[in-house]
Amino acid sequence: RDLTMTFPGKRTRSGRKSPGIKAVDGVSFDLGAGETLGLVGESGCGKSTTGRMIVRLLEPTSGSVSFDGADITHLKPSAMRPHRKHLQMVFQDPHSSLNPRQTVARIIADPLLVQGKSVAQARARAAELMELVGLIPEHIDRYPHEFSGGQAQRIGIARSLATDPRLVVADEPVSALDVSVQAQVVNLMERLRRELGLAYVFIAHDLSVVKRVCDRVAVMYLGRIVEIGDKHEVYDNPAHPYTKALLSAVPLPDPAAERARERITLLGDPPSPASPPPGCTFHPRCPRAQDVCRTERPLLRIGMPGERREVACHFPY
Ligand code: SF4
Ligand code: MG
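Residues numbered from 1 in each chain as written. Chains lettered and ligands numbered in written order. Predicted model: local features only at pLDDT ≥ 70, side-chain atom pairs only at ≥ 80, totals over all residues.

Asker: Please clarify how the overall build of the protein should be interpreted in this entry.
Answerer: What the protein contains, in helices and strands, is twelve helices and twelve strands. Taking 317 residues into account, the globule formula puts the C-alpha radius of gyration at 20 Å, and the protein, at 21 Å, falls close to it. C-alpha extents for the protein along the principal axes are approximately 65 × 60 × 40 Å. For the protein, long-range pairs separated by at least 24 residues make up 61% of all intrachain contacts whose partners lie at least 6 apart in sequence. (Helix = DSSP H or I, 4+ residues; strand = E, 2+ residues; numbered from the N terminus. Rg over C-alpha atoms; globule rule 2.2 N^0.38 Å. Contact = placed C-beta atoms within 7 Å.)

In structure tokens form, the structure reads like this:
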């Protein structure tokens, strides 16, 4: 609810303090058990920071995170322990998020040892998890550098599953991988979701990546959600000009449809979150911007009657 993260400003050489950067500015959403939300937007839009606040790797500046009806926002580590195992994270770059000096057995089993399992139990479970994610259990005593990027990400996924989590926040889990293996890892995560009844917050900068895995999708721009809705609502009929632009960058398989559709090219780069534009923060890049957009901030509200989708735009659709 209303998650906000302000990173403090640095002190400049003249001794003045630069203003803080609001990386996330009032993000709210609900996620049901076994549901999957895609969190999409360009780099720097606050999606990773949002993901880290959800699993409590970062404490929000304001706002709250509830899990299973309990407010976990400010819990001390001891009070957090019973929730910890249910909230796990998969990171973007598998090789840098795995300790190069630990064997796969150790990497995957570590969360179980922390929970008090014996070494033999943890090792057996690690071998099971390797099989579950499509790795060869006999490779359990190898080190991360002996695996390809795609395999290393499978190790990261296995580690995230060791404690039987209910929610996995996956922060761009395939962005660092070769295009040829991205689909395999997405398919694996989709299968695990079905088989284990997991809920995901699946972070990506590209709408095409989350399409297969997600029930709902939220599009972020400069720290805020600008559109959130059921996958079909958003993909079939995007309401926010920014969502339209992101979607028009995804190639369509049918060449006739590809020729016929409206292309939206964004002007310029996203502005710095240190000095967001007034009104609708998207207005300097928006092909549809009117005067009101430069002064009044559009709030997130239901798009059309009968939809669950919410959109923050004065002139949606
Ligand atoms: Fe574009 Fe205006 Fe909508 Fe912002 S509020 S996205 S500037 S049309
Ligand atoms: Mg990121």
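Back to the text.
Asker: Before we go on, may I ask you to explain the pairing of strand β9 (residues 216-221) in this structure?
Answerer: Every other side chain in a regular strand lies on the same face of the sheet, so the side chains alternate between the two faces. Among the six residues that make up β9, six are buried, leaving the element largely enclosed by the rest of the structure. Across the two faces of β9 the burial is the same, with R216, A218 and M220 and V217, V219 and Y221 all buried. Sheet analysis places strand β3 (residues 36-40) next to β9, joined by four bridges and oriented parallel. Each bridged residue has a counterpart across the sheet, and for G38 the counterpart in β9 is V217. In this sheet, strand β10 (residues 224-230) lies alongside β9 in antiparallel orientation, the contact comprising six bridges. The residue bridging Y221 from the neighbouring strand is R224, located in β10. Linking β9 back to β10 in an antiparallel pair, the connection comprises two residues, with L222 at a positive phi of about 45°. (Buried ≥ 20, exposed ≤ 12 C-beta atoms within 10 Å, placed from the backbone. Pairing = 2+ DSSP bridges.)

Asker: Is there a simple way to explain the site of ligand 1 in this structure?
Answerer: Looking at ligand 1, there are 13 residues lining it, with C280, C286, A289, C293 and C313 nearest. Among the residues forming the shell around ligand 1, the class breakdown is nine nonpolar, three polar and one charged. (Near = placed C-beta within 6 Å. Nonpolar A, V, L, I, M, F, W, Y, C, P; charged D, E, K, R; others polar.)

Asker: Sorry, what's going on with the environment of I157 here?
Answerer: For I157, the location among the structural elements is in helix α6 (residues 149-161). Residue I157 is classed as buried on the basis of its 25 C-beta neighbours within 10 Å. Sequence separation between I157 and V40 is 117 residues, and the spatial gap between their C-alpha atoms is 20 Å. Setting aside residues no more than four positions away along its own chain, I157 makes contact with V90, V133, L188 and M189.

Asker: Sorry, what's going on with unusual backbone geometry here?
Answerer: Among all residues save glycine, negative phi is the norm, and among peptide bonds the norm is trans. In this model, D68 sits at a positive phi of 55°, which is unusual for a non-glycine residue. Take D68: it is sitting in the loop between β4 (66-67) and β5 (70-71). On the basis of neighbour counts, which here come to 11 C-beta atoms within 10 Å, the residue D68 falls in the exposed class.

Asker: So what exactly am I meant to see when it comes to the environment of L87 here?
Answerer: Inspection of the secondary structure puts L87 in strand β6 (residues 87-90). Along the backbone, L87 and V181 are 94 residues apart, and their C-alpha atoms lie at a distance of 26 Å.

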